[in-house]
Amino acid sequence: MINKGSLFKTAIILFSYLFLMSQAFYDSLPQQKNDLIKLLETKFNITDRNIITALQSVNREDFLPEELKKYAYIDISVPIDNSNVIISYSDLMKAITSLKNTRREKALVIGKNSDFTAVILSFLYKQVYLIESNIELKDRNETLIKGRYNNIISAFSNDHNYFSINSPFDLVFINSSINEFTSNYIDLVNQNGEVIFALSDRYGFNILHKATKIGFSYNITILGEVLFPSLN
């Protein structure tokens, strides 16, 4: 017969072990974060103090479900479900460090799981407008963004023209992969304004691009392969 006292002791020991393991995991996150930031600074030659401050100040685990928080500071695009990811640090830095426009008044962020990108950009731009197409993030937005970042205005919509009345922007960041880039996005930025977007090719790869508005036209720069969530 199993002694109830021994069973209870075993349960307590197991619970304590799991708690300590969990605590050790959470205690290690700050060091993982610091190590990753140092790696990114070297990899992308980051000298802009605003970017570094953003990386130091924003906790990526806040944007991940509990079971995925352990991947917060592994430099990967973290899958949330079958069609959604939160983009990797390298993919985000690939975009941000390419920006040449020194005007940093207003930025527009569009796409799925875009709140992490919007928060990082809020350290670089005076005002950030966020159009989030994943309605499931609304509660998180209410508690996380509205409570901490006063320079982010959010809307949950599939209408990419939602904030067109607030244009022109200095940056439009499409935080999702798209099948086709149109001049409608260029119309939202001012002269020398930039549009970041990832185009999906026929093989399913995402190629990051930057469009810079020049006069009545624009120049395209290819920034490399990334993994962004699908817009639709």
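Residues numbered from 1 in each chain as written. Predicted model: local features only at pLDDT ≥ 70, side-chain atom pairs only at ≥ 80, totals over all residues. Heavy atoms only, no water.

Participant: Looking at this model, I keep getting lost on the overall build of the protein chain. Mind explaining?
Facilitator: Looking only at helices and strands, the protein chain has six helices and nine strands in total. A separation of at least 24 residues holds for 52% of the contacts in the protein chain among residues at least 6 apart in sequence. Element-wise, carbon and sulfur atoms account for 54% of the exposed surface of the protein chain, whose accessible area totals about 12400 Å². (Helix = DSSP H or I, 4+ residues; strand = E, 2+ residues; numbered from the N terminus. Contact = heavy atoms within 4.5 Å. Areas by Shrake-Rupley, 256 points an atom, 1.4 Å probe, with all protein chains shown as cover.)

Participant: Which parts of the structure should I look at to understand the sheet that holds strand β6 (residues 169-178)?
Facilitator: Within a sheet, neighbouring strands are paired by backbone hydrogen bonds and run either parallel or antiparallel to one another. Read across the open sheet, the seven strands follow the order β5-β4-β3-β6-β7-β8-β9; overall the sheet is mixed. Here the strands that pair on one side only, and so sit at the sheet edges, are β5 (152-156) and β9 (217-226). Across the sheet, the mean angle separating the axes of adjacent strands is 15 degrees when strand polarity is ignored. The strands touched by helix α3 (residues 89-96) within the sheet are β6, β7 (189-200), β8 (206-214) and β9, with β9 carrying the most contacts at an inclination of about 155 degrees. Relative to β5, helix α5 (residues 138-145) is tilted by about 170 degrees, and along the sheet it contacts β4 (127-132) and β5. (Pairing = 2+ DSSP bridges. Axes fitted to C-alpha atoms, helices over the stretch in contact; angles between N-to-C directions.)

Participant: So what exactly am I meant to see when it comes to the side chain of K213 here?
Facilitator: Of note, K213 is situated in strand β8. For K213, which is buried and forms no salt bridge, the nearest opposite charge comes from D187, at a distance of 5.2 Å. Contacts of K213, omitting those with residues within four sequence positions, involve I186, D187, V189, N190, Q191, N192, G193 and Y218. (Buried < 20%, exposed > 50% of the residue type's maximum accessible area, 1.4 Å probe, protein only. Lys, Arg positive; Asp, Glu negative; His and termini not counted. Salt bridge = Lys/Arg side-chain N within 4 Å of Asp/Glu carboxyl O.)

Participant: Quick question: what am I supposed to make of the side chain of D170 here?
Facilitator: Assignment of secondary structure puts D170 in strand β6. On the accessibility criterion, D170 (2% relative accessible area) is buried. One polar contact links the side chain of D170 to the main-chain amide nitrogen of E105, over a distance of 2.8 Å. When residues no more than four places from it in sequence are discounted, the contact partners of D170 are N101, R103, R104, E105, K106, Y125, N190, G193 and E194. (Polar contact = N/O pair within 3.5 Å; in protein donor to acceptor, adjacent residues only side chain to side chain.)

Participant: What is the right way to read the environment of I37 from this model?
Facilitator: Its place among the elements puts I37 in helix α1 (residues 4-43). Through-space distance from the C-alpha of I37 to that of I52 is 7.7 Å; in sequence the pair is 15 residues apart. Beyond its immediate chain neighbours, meaning those up to four positions away, I37 contacts L55 and Q56.

Participant: Sorry, what's going on with unusual backbone geometry here?
Facilitator: Negative phi is the rule for most residues except glycine; trans is the rule for most peptide bonds. S167 connects to P168 through a cis peptide bond whose omega is 5 degrees. In the Ramachandran plot, N113 falls in the positive-phi region, its phi being about 50 degrees despite a non-glycine side chain. Positionally, N113 belongs in the loop between β3 (106-111) and α4 (115-121). Overall, N113 belongs to the buried group, its relative accessible area being 3%. Positive phi outside glycine occurs at N192, with the angle close to 70 degrees. Following the sequence through the fold, N192 ends up in strand β7. In this structure N192 comes out as partly exposed when scored by relative accessible area, which is 42%.

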